[in-house]
Structure formats: structure tokens, C-alpha cells
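Tertiary structure, described
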Amino acid sequence: MGFFSTILGFCGFGVGISMGLGIGYYLFIYLQPSDVEDPEIRPLIEQDTETLRRMLPEIPLWVKNPDYDRMDWLNKFLALMWPNLDKAICKTAENIAKPIIAEQIPKYKIDSVEFEKLTLGTLPPTFQGMKVYVTEEKELIMEPFIKWAGNPNITIAAKAFGLKATVQLVDLQVFASPRITLKPLVPSFPCFAKIYVSLMEKPHVDFGLKLVGADLMSIPGLYRFVQEIVKDQVANMYLWPKTLEVQIMDPTKALKRPVGILNVKVIRAMKLKKKDLLGASDPYVKMKLADDKLTSKKTSVKHKNLNPEWNEEFSLVVKDPSTQVGQFNVYDWEQVGKHDKMGLSSVPLKDLIPEEPKEMTLNLLKTMDPNDPQNDKPRGQLVVELTYKPFKEDEMPRGFEETQTVQKAPEGTPAGGGLLVVIVHEAEDLDGKYHTNPYGKLTFRGEERKTKVVKKTRDPRWEEEFQFMLEEEPTNEKMLLEVISTSSRNLLHPKETLGYINVGLADVVNNKRINEKYHLIDSKNGRIQIELQWRTSS
Amino acid sequence: MGFTSGIVMGAIFGVAVMFGWSYMMSYRRTKRVAKAMVIKQLASLNRDDLRKICGDSFPDWISFPVYEQAKWMNKQLSKLWPFVADAATMVIKESVEPLLEEYRPPGITSLKFSKLSLGTVAPKIEGIRVQSHKKGQVIMDIDFRWGGNPSIVLGVKAAVVANLPIQLKDLQVFTVIRVVFQLAEEIPCISAVVVSLLTEPKPKIDYTLKAVGGSLTAIPGISDMIDDTVNTIVTDMLQWPHRIVVPLGGIPVDTSELELKPQGELLVTVVRANDLKNMEMIGKSDPYVVLYVRPLFKVKTRVIENNLNPVWNQTFNLIAEDKETQSIIIEVFDRDIGQDKKLGTAKLPLIELEAETEKEYELRLLPSLDMMKIKDKKDRGTVMLKVRYHHFNNEEQLAALEEEKRILEERKKLKEAGVIGSTMDALDGAASLVGSGVGMVGTGIGAGVGFVGSGLGAVGSGLSKAGKFMGRTITGQSGRKSGTATPVTSENGSSKPHQQ
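For every chain, the first residue of its written sequence is number 1, and the numbers climb from 1 along that sequence. Chain letters and ligand numbers both follow the written order, the letters beginning at A and the numbers at 1. The model is predicted, so local features are restricted to residues of pLDDT at least 70 and side-chain atom pairs to those at 80 or more, both for listing and for counting; the totals for chains, interfaces and linings are taken over all residues. As a rule here, side-chain values come from all non-hydrogen atoms in the structure, and water together with hydrogens is ignored.

**Focus: the overall build of chain A**
We count a stretch as a helix when DSSP gives it H or I for four or more residues in a row; a strand needs E for two or more, and each element gets its number in order from the N terminus. Helix and strand content of chain A: 8 helices and 26 strands. Exposure categories follow from relative accessible area, calculated using a 1.4 Å probe and restricted to protein chains: below 20% of the type maximum is buried, above 50% is exposed, and the middle band is partly exposed. In chain A, which comprises 538 residues, the proportion classed as buried is 43%. In short, Shrake-Rupley with a 1.4 Å probe defines the accessible areas, and a residue's cover is counted only from the protein chains shown. Looking at chain A as shown, the accessible area adds up to about 29400 Å², and 56% of this sits on carbon and sulfur atoms.

Structure, rendered in C-alpha cells:
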């Protein structure tokens, strides 16, 4: 009897528990409103000590650490923009999700799945400080600390067999400090080619997930478990040194690397106009590609000849065949004074077919403006033969990827030896007594190399590269780099040393690449940044 | 028995579990909401808040200026600068050159960049302030400072000199840039950006001009002309309330709301002036008054000869675009042979006016509107005005807008026809009547002759000499300009037709 009553008792307990759960669910969960209400925010000054104590662990980093910068202006901006941003993001998300859902539904015999509510809430993400790192490399590194404790309400309702089930995501909180690196820097807007994002620490994630109104995340233990999984998942993907790479623009295009060679053969000119008062003109041709900073190339001067024949060949480096234009200027050589312009002409490179020589007869014009009435007058003709030879993929000069790491030495480098590359980047705070027109002078094994002179500046930028081919490793050798200022006006002090450094090369051989700023000797505050690379064939 | 008690026990247990769960739910929810609140509050702190949180251990390195500092941005900017400078060169060349053409002073046939590089010194962002006065608009004020070393060479072609390269050196720009973001509900959430320079503090743009391989004296008055051109571009295009509206990618949006447009009309009666300074050797000054809100639209009174207490009683219409920030500028000149002299100037901020009520103002004349430049405190007399401000309704606004367009269109046509060299010519036509009075004297010398930037408040004695000289040099060449180059100013002194 006792046995039966125990069995019945258990059965009753079983029935009762389901009833109880039902009633409990009905009373405590179903009847509770599932809406997310806007929290009311009181000014901080009115808060009691209890709230203030709760705040202490959340104090922004810029308050605690002087190396973090305050970003309250950005917070304010974001807060003002948030309602619009919220709508825009939700709209986009919905538009993306709808077709995917529509495609998936038939497989699972569900009538419909739709967003019942989709809003990111009234609380915008906040930046609790921004830290930037300055390195010698050409990159920007920043580390914002982002905290988003939002009140989003994302409710997805699924209908099947006449029943409706809802899944609701509420109170999402994400705290993370991503490191954002912008590199390489390029000279065309937006001035960087790629964005690298990686997380420095595991992010903090917290949220409420309500299944038919009941928050699964508040089941003791489950929350911690889920949180760990989420954290680990994210960490696996983006925790430093793993990075997320976003390409903004094609860096090779932005860097304007050479993509081909234009071979120019200047054949002859015909019926040139006379410019000199006595006798015929002394013509020569100057040519260059538009927007190129390289110096132009010149033919020889044909004295006293209005129909000169040159038959000289030149090659010009092409960086962008679709926009660059070859320019030809015919000048009249003069013994004294300025050389007169006799006429000019231009050929857009896009008119040329690669690898196919094209002989062209160009009419010389006075100006580049095609509508200029001055161009109506005949000024003679110039005959040239142009061949555009694009580089083959494999002979493409070093691609962008390799610029960061040390590339291989070119062929023909002796075994055991290598190529020593010195890049003189820039200097700062130079101070000349009489003048400051600095240039850099490298002295290595008695060989001297010079950079260009940058006029009248205390902070010159040279960005010039020098190469030395060596038979063996320069372990015990040193390189002297002097910064010298010259002036043609100051006759008493035409040259002045602004400082020098002696760099031991053992470190470069060991490290393959060193990019450092050095303090100049014999200078007050002057510093110079140079990059050394040791390229070996192995 | 056992069954019933089992049910009861089970039910109680079940309810208890559910209760426990819901308790956990609300507990965790309150915790999360509290945290969200805390984070929200910490996103924008002020000094008092921080003092309350930190108590005695308030960090010394923290301060709360009106313009929040952005050191990190400067660090990044200085690193990025060589690349930005390279990239910006092309953009600037393309956007500024047409502008120079538009505002090119008369007597100069071409004004172009022959060299442009932005130098090695990056601009600094001294501070940023974000505010919002209107729903759907966010205003960002950026305190921008640039004491750079750009190398800018302008190729100037004038009628008399073939080509003169002029170098702009030691450029310094200190200004507060106001950027207004118009928000939208689609990505990227900003439909248009409005850029302008704040008037207060006044933008400071300094530079020195140097001729390359020649002397600036080759074209007399050239430096003043360039000063004037730069000044006019800045004041008439960029300085608040003037602005540049840039619609942003993709979203079709009505930007007319953002553009500057006529807001109201001013009916100004120049009644009289008292105790003016005598500038002439023989007899007394021959005063007249020039009025404007925008330097592009100037009006002037007739000349009353030989009188230090002249009575004009002339009425003009002026258009106001922004009552909050604009002012009527009143300048009193003494008409003289050759170069007119400025007797004084005064400013009446429109914000002082009440709509639809006529009020009398007696204003003290000052030597210059720039308070920093005024050295002497000599009395220069007063000028009396009656002003009535009428706020436009929509139809009137449209009409005024059309009218403004028509005037500018007319000038453009004149320019195309070669009557005036640039839009600035027409403006200078007005200015020159004011500045040199050549046209007024009726000697038949063109009005587009004078280069005096009196309208820009830049008249110094040296400058007026240069202007005078300039006027003579160019006169012979610009004969074809005479007479026609003054579409703005006519004797009835109204730049707009009366609308009563």
C-alpha cells in the first residue's frame, strides 16, 4: 500500500510540477511585460553613494590613465546621431535578413519567421578613452576602448503548426578594446589602404536571451557557460595577433608603382618656326610624362636646323597608362639667356597599344589648351615612334606586400654577401647656425652618397633609398651619416655640418631590418630616422 | 491521497522554480540596466561629476575646456600629413582654381597655381565641441590651427605684365570651423555636410607675398589685390552665415533647407550724420554713405558737398540672410578727386532689431571695425539711421531668392560678354565707386578701375595710394569697361527692387 501511494505520490508530483511550472510561467513570466522600457537617467550629481560605488569599476580609462585621451565629444556626437543610426542599421539588417529567411523557411516546415521588433535601443555605444601609439613605421595605430551597454530589443517570431514562438534578445552589453591599425599610408585619399582590427583582450559579452518570454541566460551556470563560449569564439578569430583585415583601396594603385616602360624614339621635326634673329633656330626636344616629378629627358641640340633629324631613343617609366600623358616640348637652344619654346605636343598613353610601336606625326602647338586661338598658327611637326611595354606580372618591381618585410636580394648577389639598403627617411629639429638647407651624406667604405637638399627647413623629409652590394656581411663595419647644410648665398660659410651619426652594421645583419630614430651627435636636439635593410640571397 | 499530495507538492515546487527563475531574471536584468546606466552617465562627464566620483583623488591632468582637446588626433594627423598633403594638392588645385577665377580682381587676366605643396607642418586641431540646436542636425566646431610652411606659387597674369609668379609664404590659418551634419535615416546616416568658418573668434589668415624673380612693384597694388581676393572669398563664401553645402553620397536630399537664403528685408533710411571729420584742405568734406550686409550687394547714398553735418534721408532695401549673426556695415566716405577717404565706419548687428518696427539708431563712427586696430579715441562723429526689419514669408523669400539669382546671373553674362573680367569686377565696380569715386566724378573713367578694397575694411593710407596708382595704370586699358561695369549700384541706391 505504502508502495502504491509512493508511486502515486511521484506521479502526482510529476503532474503537479508541470502544472506548477505552467502556473508559475503564467504568473511570473507570461504576465510580465516583455517590452524594453527606456531607462530613466538621473543626473550624476543626484546619485547616492551606493550608485557611485557601483560606478567605480566602470570609471573611464581617460580618467585613470593620462595616456588615454577623452572622447566625450565623439560620445556626444554618437548620442545625437544614434536614433538615426539605429533606424538605418535596423533597416539594413532587416533587408539583408529577409531574403535569407525566405529562402530557408520551406526547408523546416515553418510558416513564417519575422522580426517582430528590431531596435538597437536608446543607448549608443560609448568611447571610454582613446590611445594612440606612435612608431617609426608608416602606420597609424589606435586603441579605442568601446563600451556598449545598450537596451536593444530584437524579437524574432516563428510560426509553425498554428503556434507562435518568440526569441528575444535584450540588454546586449559588449565591452572591447580593439586595436585598429591603418596601413600602409598612401598619398591619395583616404590616405590609407587597409584597416587591420584585432582585439587586445577577450571582450566582455553579456545579454539576455528570452525564449517565449523566459530568459535562458538567468538559469544559473548557463550564462557563464555561454559567455565563455562566445568569448572564446571571438577570441579565436580576432584576438591579437590574429587580425581582421579590411581593404579600403588597392594599395599598388595608390602607391603609383611603375607598371611599364614607354620607349620613345624622337625621329625628326619638320617645318619648325624660326625663332632666332640671325640664322635658323637650334632645336632640341624635351620629354616627360605628365604629373611625374622625375626630370625630363632631352635630345641633343641640332644647330641651325629647322628640319632636324635626331633618331634618338629614350625610355620613360610609366605608372598609370590610363591617365598619364606623354609631353613633348621643342625648345630653341640659346647660348645666353632663356631657351625659347618652339612648340609642344602631347600623346595620351591610353591611345597606345601595348608592345606595338606606333609612329606618330604630331602638330606642335603653343599651349595645351585645344581651344586657344594661338594654336591655329602652324608651328611645325614632330615625328616620334612610341612603344609602350607593360611589365609582365613576374617582372613587376616589388609589390606592395614585400615592402614591409625584407625582400630577397637580386640575382647575382655573391653567396655570403648581400645587399645593404639604406633609406634616409627624415630628420627633425635640425639647427644651423647660419643656414638650414639640409641634405644627408652617407659614407660607407669610402663611398659617398648624397640625398637631395631640402631648403630652409628644420624638419626635412628625404625618403631616399641607397644600395650597396657587399661581398660579405659587414659585421664589424660602421656607416657614417652626416647632415650638412649648404647655402650658395652665404659665401663665408657655404657648408655647415648639422650633426652626424655612426651606425654599427652588426645589428642590421642580425635583424635584417632596423628602422630607428637616432639622436645626432654635435646637434642640440636633432634626430634622424633611417631604415637599414640587409638583403641576402638565402 | 498520495496522488493529491504529490500534485500539491509538485505544483508548489513548480511554482517555486518558476518564481526563482523569474527572480533571477529580474535580478540580472536590474543589474544589467544599472550597468548600462552607469556607462551612459560616464560617457559624458563634467567637472562636478568627476569630483563627486573621485573625491579627493581628482586627477591633475584632467581639465574640462569648452573645446575638448583631441591630442590623439594631432598625433595621427602629423604622421599622416605627408600623405594627406600629397593627396590634397590635386583636390585643392581643382577646387580652388575656379574659385580664384570667379573672384579674380579686375586688371588681372589670369590667376592660377603654378606650384602647390602643403609643406611639412601638419595642422593642429586644438579642440572640438559638439552641440545640437535643432533636431536632426549636429553641429561640430573644430578649433583649427595651422602655422604651416606650404609653398604656394601663384601665376599672375596682368594686362601690363606678362606673367608674374607670386609666392605665398608663411601661411597661417587660425579659425574655428563649423561643420553641420544633416542626419538621415539611411546609411551613412549623414545626408549633407555644411562647412563654414565661425565669425567669433574671427578667422585669422596671415601670409606674406613674395614675387619670385622679380619685384611685387611690377604690378602696383598686386599684393592688396590678392589680399582682397582672399578676403572676399573667405568672408563671402565661408564665413558664417555663408557656408558650403556638400551633399553626401547616395541619398537624394533637399539641401535647400541648409543653403543660405534671404530671410528678411531691411528698410534702412540714412537720415543724417553729425560732426564728421574734416578731411579736406580747402573747404569741408563731401560725405556719402555706403551700406551693406554682404559685400556682394552694396548700396550708397548721394554725395552732399561741403558739409560736416549732412542730411541724406535716403532709403534703401537690403537683404538679410541670417538675423542672428549678420550686421549692417555703415561706411562714411569723403568724396575726393582720385582716392576717396574713409571718414569712419559703424556696425549695427541685426540681432538688435525687432521685426516690423522702425527704430532710430545713432551710431558712433570708428576708424575700423576691428577693435584691435583702433588706436586713437578721437571723435569721428555719428551717423543716424532708421531701420525696419521685415521677416519674409515663404513667397517673398522665393521672390528675393530669384532676384538674387538674377543679379548674379546678369553679372555672369556680363562676364561672358567680356564686359567685366570676373564676378568680382562687378563687385569692385561698386567698391570702386566707393573707394575711388572715379565713376562718381563723372569723368567717364570706368568704374571697374579701382582696386580699393574699402568694402573689406582694408583701406590703409599706403594701400589707398597703391589703389590710386593702380587705377591710373589700368585706366587706359580698361576703357571698354567704363560705365557698364556697375550693375549693382545706381543712383536710387537700391540693389533690389522695392517690394512694397
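Moving on, there is more to tell.
**Observations concerning the sheet that holds strand β14 (residues 341-349) of chain B**
Residue and element names in this part refer to chain B. The strand order across the open sheet formed by 4 strands is β11-β10-β13-β14, and the pairing between neighbours is antiparallel. The open sheet has two edge strands with one neighbour each: β11 (298-300) and β14. Strand-to-strand twist of the sheet, defined as the mean angle between neighbouring strand axes without regard to direction, takes the value 20 degrees. Judged from the 3 bridges that link them, strand β10 (residues 287-292) and β11 form a sheet pairing that is antiparallel. Being paired, for any two strands, means DSSP has found at least two bridges between them. Here an angle of 0 to 180 degrees is reported between the N-to-C directions of two axes, which are lines fitted to C-alpha atoms, with helices fitted over the stretch in contact.

**So, the side chain of A:E531**
All names here are of chain A. Residue placement: E531 occurs in strand β26 (residues 527-535). A distance of 2.9 Å separates a polar atom in the side chain of E531 from a polar atom in the side chain of H425. Definition of a polar contact: a pair of N or O atoms within 3.5 Å, with one able to donate and the other able to accept a hydrogen when the atoms are protein atoms, and with sequence-neighbouring residues admitted only if both atoms are side-chain atoms. Among the polar contacts made by the side chain of E531, one reaches the side chain of R513 at a distance of 3.1 Å. Any two residues having at least one pair of non-hydrogen atoms within 4.5 Å are treated as being in contact. The residues contacting E531, other than those within four sequence positions of it, are V421, V422, I423, H425, R513, I514 and N515.

**Describing the UniProt feature "domain: SMP-LTD" (unreviewed entry) in chain A**
UniProt positions are given in the numbering used here, feature names are shortened, and annotations may be inferred rather than shown by experiment. What UniProt calls "domain: SMP-LTD" (unreviewed entry) maps, in this numbering, to residues 67-249 of chain A. Its end C-alpha atoms 32 Å apart, residues 67-249 of chain A is made of 27% helix and 43% strand.

**What to know about the interface of chain B and chain A**
Each partner contributes to the interface: chain B provides 79 residues, whereas chain A provides 99 residues. Between chain B and chain A, the buried area comes to about 7900 Å², and carbon and sulfur atoms account for 71% of it. Within this document, salt bridges are pairs made up of a side-chain nitrogen of Lys or Arg and a carboxyl oxygen of Asp or Glu, the two lying within 4 Å of each other. A:E58 is the partner of B:K35 in a salt bridge, and the nearest nitrogen-oxygen pair spans 3.8 Å. For the pair chain B and chain A, the interface holds 22 residue pairs in polar contact (both at pLDDT 80 or more). Among the secondary structure elements, those contributing two or more residues to the side of chain B that touches chain A are α1 (2-42), α2 (47-54), α3 (71-103), β2 (124-131), β3 (137-147) and β5 (164-183) of chain B. When residues are sorted by character, Ala, Val, Leu, Ile, Met, Phe, Trp, Tyr, Cys and Pro go into the nonpolar class, Asp, Glu, Lys and Arg into the charged class, and all the rest, Gly among them, into the polar class. Of the residues in the side of chain B that touches chain A, the class split is 50 nonpolar, 14 polar and 15 charged. Buried area: the accessible area, evaluated with a 1.4 Å probe, that two parts lose upon being put together, summed over both parts.

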